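Examining the three-dimensional arrangement
Each chain, written out:
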Protein chains: 2
Amino acid sequence: MTVSDTEWSTNEQRIAREVLDKAYMREVSALIEEVRQRSGSISELDEVWKLHDFLSARRHEIDGKYDYRYSVLIFVFARLIEEGWLHLEELEGLAPDKLTKLAALSRM
Amino acid sequence: MTVSDTEWSTNEQRIAREVLDKAYMREVSALIEEVRQRSGSISELDEVWKLHDFLSARRHEIDGKYDYRYSVLIFVFARLIEEGWLHLEELEGLAPDKLTKLAALSRM
């Protein structure tokens, strides 16, 4: 990892925070929508427990994913891009080597 | 515990099974309805996790509660009566001492 992966200028920190919040809001909105849809079609107990399993997995995943530490932020962004919660273009303003690394990581 | 608490005639076994199934159906229907209602009003992630906590508790409770072993059935019925999923009258046909015990237990 290069120095610039873990060193973030004030401007980069601001961009990172904004973009991470944006991805978080998108993922949360999609989750809420999915919970509503799944719940609306439940007619058996087994489906209630499937919803429970789904929520257990999503909670574990979301709790772990939105890690604001600058030392890991590049990987957080790469994952969010891969999962479709962010677009690389939304990170414009970060140092070029961060963007290059992100582009490479999110293609993996 | 008296002998008749754990010894169930064929007719009592039939009644017990029917009534337990009935309580189970009622509780499951109420749970499904509550999940739908809670889900419909969710607008924040915190409420999604509250739904998850609720389902964790209900799953643990329901998994443990519907115990068809005749040795514990009197206590299962007493609990279901106390919780409102059954009425004592629905157990008519059981031996009088079972009904007396159930009436006493469900008033505790």
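Residues numbered from 1 in each chain as written. Chains lettered and ligands numbered in written order. Predicted model: local features only at pLDDT ≥ 70, side-chain atom pairs only at ≥ 80, totals over all residues. Heavy atoms only, no water.

1. Regarding the overall build of chain A
- When you go through chain A residue by residue, the secondary structure sums to 5 helices and 0 strands.
- Computed over the C-alpha atoms, the radius of gyration of chain A is 17 Å, more than 25% above the 13 Å expected from 2.2 N^0.38 for a compact globule of 108 residues.
- Expressed as lengths along the three principal axes of its C-alpha atoms, the size of chain A is roughly 55 × 25 × 20 Å.
- Taking all 108 residues of chain A together, the buried fraction comes to 41%.
- Of all intrachain contacts in chain A linking residues separated by at least 6 positions in sequence, the fraction that spans at least 24 positions is 68%.
- Summed over all atoms, the accessible surface of chain A reaches about 6000 Å², with 53% contributed by carbon and sulfur.
- The positive charge centre, built from 15 side chains, and the negative charge centre, built from 21, are 2 Å apart in chain A. (Helix = DSSP H or I, 4+ residues; strand = E, 2+ residues; numbered from the N terminus. Rg over C-alpha atoms; globule rule 2.2 N^0.38 Å. Buried < 20%, exposed > 50% of the residue type's maximum accessible area, 1.4 Å probe, protein only. Contact = heavy atoms within 4.5 Å. Areas by Shrake-Rupley, 256 points an atom, 1.4 Å probe, with all protein chains shown as cover. Lys, Arg positive; Asp, Glu negative; His and termini not counted. Charge placed at Lys NZ, Arg CZ, Asp CG, Glu CD.)

2. Description of the nonpolar core
- Membership of the largest hydrophobic core comes to 64 residues, with the highest contact counts inside it found for A:Val48, A:Leu55, A:Phe77, B:Val48, B:Leu55 and B:Phe77.
- For this core, the elements supplying multiple residues, two or more each, are helix H2 (10–40), helix H3 (45–65), helix H4 (73–83) and helix H5 (96–105) of chain A together with helix H2 (10–40), helix H3 (45–65), helix H4 (73–82) and helix H5 (96–106) of chain B.
- Leave out the neighbours within four places in its chain, and B:Leu55 touches A:Val48, A:Trp49, A:Leu51, A:His52, A:Leu55 and B:Val35. (Core = buried A, V, L, I, M, F, W, Y, C linked by side-chain atoms within 4.5 Å.)

3. Overview of the packing of H3(A) against H2(B)
- The N-to-C vectors of H3(A) and H2(B) enclose an angle of 45°; their axes lie 10 Å apart at closest approach. Judged on the interaxial angle alone, H2(B) and H3(A) are oblique. Note on packing geometry: the crossing formed by H3(A) with H2(B) is left-handed. Of the residues in H2(B), those in contact with A:Leu45, A:Val48, A:Trp49 and A:Leu51 of H3(A) are B:Tyr24, B:Val28, B:Leu31, B:Ile32 and B:Val35. (Axes fitted to C-alpha atoms, helices over the stretch in contact; angles between N-to-C directions. Parallel < 35°, antiparallel > 145°, perpendicular 65-115°, else oblique. Left-handed = near helix turned anticlockwise from the far one by under 90°.)

4. Here's the deal with the pattern of salt bridges
Residues and elements named next belong to chain A.
- Inspection of every chain in the model, using the stated rule, returns 30 salt bridges over all chains.
- A salt bridge links Arg69 to Asp67, with the nearest nitrogen and oxygen atoms 2.5 Å apart.
- One network of salt bridges, in which partners are shared, links Glu27, Arg58, Glu61, Lys65, Arg79 and Glu83. (Salt bridge = Lys/Arg side-chain N within 4 Å of Asp/Glu carboxyl O.)

5. Topic: the interface of chain B and chain A
- At the junction of the two partners, chain B supplies 23 residues and chain A supplies 23 residues.
- Between chain B and chain A, the buried area comes to about 2000 Å², and carbon and sulfur atoms account for 70% of it.
- For the pair chain B and chain A, the interface holds 2 salt bridges.
- Residues B:Arg59 and A:Asp53 are paired through a salt bridge, measuring 2.8 Å at the closest nitrogen-oxygen approach.
- Connecting chain B to chain A are 11 residue pairs in polar contact (both at pLDDT 80 or more).
- Elements that contribute at least two residues to the side of chain B that touches chain A include exactly H2 and H3 of chain B.
- It is H3(B) that contributes the most residues to the side of chain B that touches chain A, 12 residues altogether.
- For the side of chain B that touches chain A, the residue count by class is 12 nonpolar, 5 polar and 6 charged. (Buried area = accessible area lost by both parts, 1.4 Å probe. Polar contact = N/O pair within 3.5 Å; in protein donor to acceptor, adjacent residues only side chain to side chain. Nonpolar A, V, L, I, M, F, W, Y, C, P; charged D, E, K, R; others polar.)

6. So, the confidence of the model for chain A
Residues and elements named next belong to chain A.
- Summing up the model confidence of chain A, the mean pLDDT is 91 and the portion of residues at 70 or higher is 95%.
- Mean pLDDT values over the elements of chain A span from 59, in helix H1 (residues 3–6), up to 96, in H3.
- Prediction confidence for the complex, expressed as pTM and ipTM, is 0.84 and 0.82 respectively. (pLDDT = per-residue confidence, 0-100.)

7. Concerning the relation of the copies chain B and chain A
- Of the transformation placing chain B onto chain A, the axial shift is 0.0 Å and the rotation is 180°, giving an RMSD of 0.1 Å. Overall, the copies show the geometry of a two-fold rotation axis.
- A share of 100% of the interface residues of chain B reappears at the interface of chain A, consistent with the copies meeting face to face through the same patch. (Least-squares fit on C-alpha atoms with pLDDT ≥ 70 in both.)

8. A word on the environment of B:Trp85
Residues and elements named next belong to chain B.
- You can see Trp85 is positioned in the loop between H4 and H5.
- Under the relative-accessibility criterion, Trp85 is labelled buried at 19%.
- As a C-alpha pair, Trp85 and Met108 span 23 residues in sequence and 16 Å in three-dimensional space.
- Every residue in contact with Trp85, bar those within four places of it in the chain, is listed here: Ala23, Arg26, Glu27, Ala30, Lys65 and Leu80.

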